Protein chains: 2
Amino acid sequence: MVLATTDPTSRLAASASLEDLETPCLVLDADRMDRNVLRLRSRLDAMGVSLRPHLKTAKSIEVARRVMTSPEGPATVSTLKEAEQFAAAGVRDMIYAVGIAPAKLERVAELRASGVDLVVTLDTVQQARAVAEASRRAGTRIPAMIEIDCDGHRSGVRATDQAQLVEIGRALTADGELRGVLTHAGDSYNGGSIEALRRYAETERLAVVDAARILDAAGLPCPVVSVGSTPTAHHATDLAGVTEVRAGVFVFFDLVMAGLGICQIDDIALSVLATIIGHQREKGWIITDGGWMSLSRDRGTGKQAVDQGYGLVCDVDGTPYHDIIVSDANQEHGIIAVRPGSNARLPDLAVGERVRILPNHACATAAQHETYHVVRGRSHVIETRWTRFGGW
Amino acid sequence: MVLATTDPTSRLAASASLEDLETPCLVLDADRMDRNVLRLRSRLDAMGVSLRPHLKTAKSIEVARRVMTSPEGPATVSTLKEAEQFAAAGVRDMIYAVGIAPAKLERVAELRASGVDLVVTLDTVQQARAVAEASRRAGTRIPAMIEIDCDGHRSGVRATDQAQLVEIGRALTADGELRGVLTHAGDSYNGGSIEALRRYAETERLAVVDAARILDAAGLPCPVVSVGSTPTAHHATDLAGVTEVRAGVFVFFDLVMAGLGICQIDDIALSVLATIIGHQREKGWIITDGGWMSLSRDRGTGKQAVDQGYGLVCDVDGTPYHDIIVSDANQEHGIIAVRPGSNARLPDLAVGERVRILPNHACATAAQHETYHVVRGRSHVIETRWTRFGGW
């Protein structure tokens, strides 16, 4: 594969390696990514359920193409910017899985008019009426998923709230389209045993299957029954009645997922390359140029059994140092230290040497960067670079 | 002032108001910003010390021009990307205030060759030798500040470590240039009484004044003696021996600074505009499209007396609701609730209505956005838009 050369300001030569990159920057191990994608795809194939990957983690057309089951989708997005960017790259089947603000329906209608089957999400009668109204204005039926609250963690109608469900469905079908029901087991991020993760998955499944049955009984059929979270996607044992699974972070994985036991540390495909810029030897600190601007402020492992600080430190090959973490971070400074309570020895790293830092939360860390520098396994060669986008 | 129209994809009309913006987005109250800038400038003018504003908070040429005392600087930057962007806009006097990685010296030399007085920062003999070596290669003397550790919070040489200081100074002056000494009272962010803040400022001052004296006595003169942090800049009572003050967040202020008593809530110039997208009424939650992607993961007030969650909620005019905060956030969802322990009532906000959220940490929140939408005071009119940049 040839090196992307779309960035005229780049100093990266065709034969660039990790040693040539400006730091801090984002490194993606495509071998690990491919393995992660294959793992979830194989699992869902065996269960006969389709995968609608959430592209909010990657926000990259090149990653999306490797994660989706076809160049046209299906896919899930978290912003209309993602929908527009992926539509421009040929994706034709997307659910925008954040509750729709009525003012955004004009952009939705425009995307649909361009041939994209973009579906919105909602959980109130007011939104359903706005969708019906926007559909009338646009002279088309805008499809929507009703969001179901399976565990009380965020948005959605409870499946037990039958009257509310049916009222939303009726308001929607006046001039819009009821495409289906959707839920997200956000509580599964609290983890627990394999049994607990299976229970989260079953709770998630039952919530949407029940909701679809209620709507169906009211003459409001639900063709799409959608569940999704990386922990439940990897632990569901029964997906009867479910038509698709959404998941996002499974592509890269991260320390939060490893802490939950959903992956191993060496499945984590994303890291931040940083350079040593100093030491405070009496304190046992190594200072790097990888601060929170490159790692993100996410401290997701802070509530887990093993707190990884702002990230777990690896050598340039990607092999973790035993018990060495980014213990604190300023905007452009990272402080590397031995994990509290450990007897590990700080590695002997001189000013100018490089490390790779595994992120707490792939979605948050990737969002701090504009480019994936793609390597494979322990190779230092930058095989290619993929652009990512942000914004709304 | 006319509306910037450089973005061809924009849907923003010439007469745009807060109601027309796509949400979430970043709003900057230029009246508050101007007042904040004037406040610190007047203070330092009265003390006879120059201001070298840290542009890492704003990362915007338009903001920089309103903060710097001249279009050419002086200024402080946290990345070479900032140095390059501001150099392209005419800034000629900058300190890159993060310890230099030797591999970055080539970019530094190139910027200097283009006529920019870019000064690097270091705290090891190894870096000083790298600067001398890069100076020899470039046929010029690259100037450097020696970073002094005034409070043990991060990088720097202790002023008491005289031998180390002099060794660094000598290594540097071999072929480079010793421009001065620099420190940052990071511990001042822990706050306390006015007396405590004054003590942080005095500790900061003494550290660099002592270091400069030691170097001077060794025949290594230090023309620049630089201190800086927003809390100490606003509380120093004596700046004898100091030639300049660096500070960054004073331009916008934020909830962390308000929590420390450095500013009032209504001095905070930055907010995130978000739209209501749902409710969980039994729980007392209002859901918005302002999640952590737009607010950042920064929870800086979590350690303060008043925990502001992911931000303090205001109406569209910018007036805070009493005790209403963003209590939790997902990537593109914010959960608004009454502050724990308060008897306040949740405001009656319908789906589609808008709120403005004051950030914990202006540097982190601004970094999640590409554009400042500029308003003045309680006006809803978007006076102009200013682009910001990220990356390294």
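Note that this is a predicted model, so its numbers are computed, not measured. (Residues numbered from 1 in each chain as written. Chains lettered and ligands numbered in written order. Predicted model: local features only at pLDDT ≥ 70, side-chain atom pairs only at ≥ 80, totals over all residues. Heavy atoms only, no water.)

With that out of the way, let us pick up the relation of the copies chain A and chain B. Between chain A and chain B, which share one sequence, the superposing operator has a rotation angle of 180° and an axial displacement of 0.0 Å; the RMSD is 0.0 Å. Both copies are brought into coincidence by an operation consistent with a two-fold rotation axis. Of every C-alpha in chain A, the one belonging to A:Arg297 sits nearest the axis of rotation, 2.5 Å from it. Looking at the interface residues of chain A, 100% of them are also at the interface in chain B, so both copies use one shared face. (Least-squares fit on C-alpha atoms with pLDDT ≥ 70 in both. Contact = heavy atoms within 4.5 Å.)

A few words now on the packing of helix α3 (residues 80-88) of chain B against helix α4 (residues 105-113) of chain B. Residue and element names in this part refer to chain B. Across the interface, α3 lies against α4 with an axial gap of 11 Å and an inter-helix angle of 15°. Compared by their axis directions, α3 and α4 come out roughly parallel. As α3 runs across α4, the sense of the crossing is left-handed. Contacts from Leu80, Lys81, Ala83, Glu84 and Ala87 of α3 reach α4 at Arg107, Val108 and Leu111. Each residue belonging to the contact of α3 with α4 can be placed in one class, and the counts come to five nonpolar, no polar and three charged. (Axes fitted to C-alpha atoms, helices over the stretch in contact; angles between N-to-C directions. Helix = DSSP H or I, 4+ residues; strand = E, 2+ residues; numbered from the N terminus. Parallel < 35°, antiparallel > 145°, perpendicular 65-115°, else oblique. Left-handed = near helix turned anticlockwise from the far one by under 90°. Nonpolar A, V, L, I, M, F, W, Y, C, P; charged D, E, K, R; others polar.)

Moving on: the sheet that holds strand β7 (residues 177-183) of chain B. Sheet strands pair by backbone hydrogen bonding; their relative direction is either parallel or antiparallel. Residue and element names in this part refer to chain B. Strand order in the open sheet formed by eight strands is β2-β9-β8-β7-β6-β5-β4-β3, and the pairing between neighbours is parallel. Among the strands making up the open sheet, the edge pair consists of β2 (50-51) and β3 (75-77). Taken together, the four bridges between strand β4 (residues 93-99) and strand β5 (residues 117-122) define a ladder with parallel strand orientation. By the bridge assignment, Gly99 is partnered in β5 with Thr121. Each of β4 and β5 touches helix α5 (residues 125-138); the most contacted strand, β5, lies at about 150° to it. (Pairing = 2+ DSSP bridges.)

Residues and elements named next belong to chain A. Per the stated rule, a full pass over the model turns up four aromatic pairs over all chains. Pairing Phe86 with Phe389 gives two aromatic rings, centres 5.5 Å apart and planes at 65°, and the pair type is edge-to-face. In this pair, Phe86 sits in helix α3 (residues 80-88) while Phe389 sits in the segment after β17 (384-387), placing the two residues 303 residues apart along the sequence. Just as Phe86 is buried, Phe389 falls in that class too. Measuring from centroid to centroid gives 5.6 Å for Phe252 and Tyr372, while their planes differ by 55°, and the two rings are tilted. You can see Phe252 sitting in the loop between β9 (244-247) and α9 (255-259) and its partner Tyr372 sitting in strand β16 (residues 371-375), a full 120 residues away along the chain. (Phe/Tyr/Trp six-rings, centres within 6.5 Å; stacked < 30°, edge-to-face > 60°. Buried < 20%, exposed > 50% of the residue type's maximum accessible area, 1.4 Å probe, protein only.)

Looking now at the packing of helix α6 (residues 162-175) of chain A against helix α7 (residues 194-217) of chain A. Residue and element names in this part refer to chain A. Relative to each other, α6 and α7 sit at 60°, their axes nearing to 10 Å. Between α6 and α7 lies a crossing whose hand is right-handed. Here α6 contributes Gln162, Leu165, Val166 and Gly169 to the contact with α7, which in turn contributes Ala211, Ile214 and Leu215. Of the residues that constitute the contact of α6 with α7, the class distribution is five nonpolar, two polar and no charged.

All names here are of chain A. Pairing is parallel across the open sheet formed by eight strands, whose spatial order is β2-β9-β8-β7-β6-β5-β4-β3. For this open sheet the edge positions go to β2 (50-53) and β3 (75-77), each flanked by a neighbour on one side alone. Taking each pair of neighbouring strands and ignoring which way they run, the sheet shows an average axis angle of 30°. Relative to strand β8 (residues 224-227), strand β7 (residues 177-183) is paired through three bridges, and the arrangement is parallel. Bridging across to β8, Leu182 finds its partner in Ser226. In the packing of helix α4 (residues 105-113) onto the sheet, contacts are made with β5 (117-122) and β6 (143-148), and the angle to β5 comes to roughly 155°. Along the sheet, helix α5 (residues 125-138) contacts β4 (93-99) and β5; its crossing angle with β5, the most-contacted strand, is approximately 150°.

Across the boundary between the two partners, chain A contributes 64 residues, which contact 64 residues of chain B. The junction of chain A with chain B conceals about 5,000 Å² of combined surface from both sides, 49% of it contributed by carbon and sulfur atoms. Our count for the contact surface shared by chain A and chain B stands at eight salt bridges. With its nearest N and O atoms 2.6 Å apart, the salt bridge here joins B:Glu22 to A:Arg107. At the boundary of chain A with chain B, the tally comes to 28 residue pairs in polar contact (both at pLDDT 80 or more). At the level of secondary structure, the elements contributing two or more residues to the side of chain A that touches chain B comprise β4, α4, α5, β10 (270-280), β11 (285-288), α10 (292-295) and α11 (362-366) of chain A. At four residues, the largest contribution of residues to the side of chain A that touches chain B is made by β10(A). (Buried area = accessible area lost by both parts, 1.4 Å probe. Salt bridge = Lys/Arg side-chain N within 4 Å of Asp/Glu carboxyl O. Polar contact = N/O pair within 3.5 Å; in protein donor to acceptor, adjacent residues only side chain to side chain.)

Going from B:Thr23 to B:Pro24, the amide bond is cis rather than trans, its omega being -5°. A cis amide bond, omega 0°, links B:Gly73 with the succeeding residue B:Pro74. Looking at the element boundaries, B:Pro74 is found in the loop between α2 (61-67) and β3. Of note, A:Ser296 is a non-glycine position whose phi angle comes to about 80°, a positive value. With respect to the helices and strands, A:Ser296 occurs in the loop between α10 and β12 (312-314).

This part covers the domain arrangement of chain A. All names here are of chain A. Each domain of chain A was delimited in the assignment, giving domain 1 (18-25 + 261-387) and domain 2 (55-247). Computed over C-alpha atoms, the centres of domain 1 and domain 2 are 34 Å apart. Taken residue by residue, the interface counts seven residues in domain 1 and 13 residues in domain 2. Here domain 1 meets domain 2 over a buried area of about 790 Å², counting both sides, of which 68% is carbon and sulfur. Contact with domain 2 buries area across many residues of domain 1, yet Ile262, Cys363 and Trp386 alone supply 65% of it, more than any other trio. At the junction of domain 1 and domain 2, the tally comes to zero salt bridges. Put simply, domain 1 and domain 2 have one residue pair in polar contact (both at pLDDT 80 or more) between them. Sorting the residues of the side of domain 1 that touches domain 2 by element identifies α11 and β17 as the ones contributing at least two each. (Domains from an automatic or database assignment.)

Residues and elements named next belong to chain A. On average, residues of chain A score 95 in pLDDT, and 96% of them reach the 70 mark or higher. Counted against residues more than four places away or in other chains, residues 1-9, with its pLDDT under 50, gives 14 contacts. With a pTM of 0.96, the predicted complex shows an ipTM of 0.96. (pLDDT = per-residue confidence, 0-100.)

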